[in-house]
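Residue-level structural notes
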Amino acid sequence: MTITLQASDLASSQFIATTQRGQIQTLTVKHPKATAEVALFGAHILSFQPEGQQDLLWMSEKADFSMTKPIRGGIPVCWPWFGKVDEPAHGFARTSLWSLKTFSEDLNKVHLVLELTDSEATRQIWDHAFNAELHIEVSETLKVSLVSSNTGNSEIAIGGALHTYLNVGDITQTTVSHLGNEYIEKSQQHASNGETAFTEEVDRIYLQPEPITQVEDMAFNRKIAVTNTGNNAVVVWNPWAELSRSMADMADNSYQTMVCVESTVHDRSIHLAANESHILTTQLTVKNSGHKE
Ligand code: TA6
């Protein structure tokens, strides 16, 4: 039986250590099946490396760890909205300080639960009572579940995304498929054959994604299955050369080794009455690897 422990029991953990990156407190998981690092700032997963593999997550070499900006790379939690529908872009969860609520561990996996609840600071941006939990399961796969609960008396409308930055060997030898028949790009609706390759900036909201998006990374000789639930879209983003050059927290050529595949609730389309919850998940699984890395 696996027992769920409180954050105050962390010192007794076999697999989790408290660590630091810049100004940011992190939790480092070293488990026989995988290693991972999670920042309390943003409940941001910085790294996930299954045993014997390259990291599945890309992290910018110029990422800012000062706690004043979102971190570029890993899995930012965009919440309670996705994109620029409101200020700040992608919501406030990724720049809020979360806390470790509970954890459990055994030889199969480590399960962390991080929590954010409304405060004076969040109410100045979004005047609602809420509880958000990020469940992070580290095993051969990485499973991330964002549980949003309405703890107030009136309905709330939420969107959001688990904005995963995947680490790929070479973007020009990467395809993303099983994306469905329709996408929005720069506010225009397009038909799709369900697949995308990369030769320029791509920033697309796929509106009818299949439950499992496939990423084929030929340079690292691996396929990654991204399994999503609770979403109504999958966003695919690569900024390409010009936009990368304009971003202070990305090295000029670093777009060549990343692609974002994001489990997304587009358009604040989840309406939660008092005491209702919604769960958005994404799970990353390496399907095959010839270990050409
Ligand atoms: O998910 C894609 C996207 O919304 C892009 O439009 C791009 O701006 C990206 O997210 C990164 O946004 P950020 O606010 O982190 O710079």
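Before any of the text, the structure's been laid out above.
Please read these numbers as outputs of a predicted model, since none were measured by experiment.

Another point: the overall build of the chain. Within the chain one finds 2 helices and 22 strands. Its C-alpha radius of gyration of 18 Å places the chain within 12% of the 19 Å reference for a compact globule of 293 residues. Across its three principal axes, the chain shows a C-alpha extent of roughly 45 × 45 × 35 Å. Burial statistics for the chain: of 293 residues in total, 55% are counted as buried. Counting only contacts in the chain whose residues sit at least 6 apart along the sequence, the fraction spanning at least 24 positions is 64%. When the accessible surface of the chain is totalled, it reaches about 12600 Å², and 46% of it is carbon and sulfur. Between the centroid of the 20 positive side chains of the chain and the centroid of its 35 negative side chains there is a distance of 3 Å.

Attention now moves to the site of the ligand. Near the ligand the following residues occur: Arg 72, Phe 82, His 90, Arg 94, His 163, Asp 203, Val 235, Trp 237 and Glu 262. The separation between an oxygen atom of the ligand and a polar side-chain atom of His 163 is 3.0 Å. At a separation of 2.5 Å, an oxygen atom of the ligand approaches a polar side-chain atom of Asp 203. Protein contacts shield 77% of the accessible area of the ligand, which totals 390 Å² for the unbound molecule. Of the residues assigned to the shell around the ligand, the class counts are 3 nonpolar, 2 polar and 4 charged.

The next point concerns the environment of Pro 76. Take Pro 76: it is sitting in the loop between β5 (44–50) and β6 (77–78). When its relative accessible area of 1% is taken as the criterion, Pro 76 is described as buried. Here the alpha-carbon distance between Pro 76 and Trp 98, two residues 22 residues apart in the chain, equals 13 Å. Residues contacting Pro 76, with those up to four places away along its chain left out, are His 44, Ile 71, Arg 94, Ala 161, Leu 162, His 163 and Tyr 165.

With that settled, the discussion passes to the sheet that holds strand β4 (residues 34–39). Pairing within the open sheet is antiparallel, and its 4 strands lie in the order β2-β3-β4-β5. Looking at strand neighbours, the two that pair on one side only are β2 (16–21) and β5, the edges of this open sheet. In this sheet, adjacent strand axes meet at a mean angle of 20° when their direction is disregarded. In this structure, β2 lies alongside strand β3 (residues 24–31), joined through 6 bridges in antiparallel fashion. Residue Gln 20 lies in a different strand from β3, and its bridge partner there is Gln 25.

With the rule as written, the count across this model stands at 11 aromatic pairs. Between Trp 79 and Trp 126 the ring centres are 5.6 Å apart and the planes differ by 75°, which places this aromatic pair in the edge-to-face class. Of the two residues, Trp 79 is situated in the loop between β6 and β7 (99–105) and Trp 126 in the loop between α1 (120–125) and β9 (130–138); the sequence distance between them amounts to 47 residues. The interplanar angle of 50° and the centroid separation of 5.0 Å between the aromatic rings of Trp 240 and Tyr 255 together place this pair among those described as tilted. With a gap of 15 residues between them, Trp 240 in helix α2 (residues 240–246) and Tyr 255 in the loop between α2 and β21 (258–272) connect regions that are remote in the sequence. An aromatic cluster is present here, built from Trp 79, Trp 81, Phe 92, Trp 126 and Phe 130 joined pairwise through their rings.

Relative to the helices and strands, Thr 175 resides in strand β13 (residues 174–177). Classification of Thr 175 by relative accessible area gives buried; the value is 17%. Leave out the neighbours within four places in its chain, and Thr 175 touches Glu 195, Thr 196, Ala 197, Gln 214, Val 215 and Glu 216.

Definitions and limits used
Residues numbered from 1 in each chain as written. Predicted model: local features only at pLDDT ≥ 70, side-chain atom pairs only at ≥ 80, totals over all residues. Heavy atoms only, no water. Helix = DSSP H or I, 4+ residues; strand = E, 2+ residues; numbered from the N terminus. Rg over C-alpha atoms; globule rule 2.2 N^0.38 Å. Buried < 20%, exposed > 50% of the residue type's maximum accessible area, 1.4 Å probe, protein only. Contact = heavy atoms within 4.5 Å. Areas by Shrake-Rupley, 256 points an atom, 1.4 Å probe, with all protein chains shown as cover. Lys, Arg positive; Asp, Glu negative; His and termini not counted. Charge placed at Lys NZ, Arg CZ, Asp CG, Glu CD. Near = heavy atom within 4 Å. Polar contact = N/O pair within 3.5 Å; in protein donor to acceptor, adjacent residues only side chain to side chain. Nonpolar A, V, L, I, M, F, W, Y, C, P; charged D, E, K, R; others polar. Pairing = 2+ DSSP bridges. Axes fitted to C-alpha atoms, helices over the stretch in contact; angles between N-to-C directions. Phe/Tyr/Trp six-rings, centres within 6.5 Å; stacked < 30°, edge-to-face > 60°.

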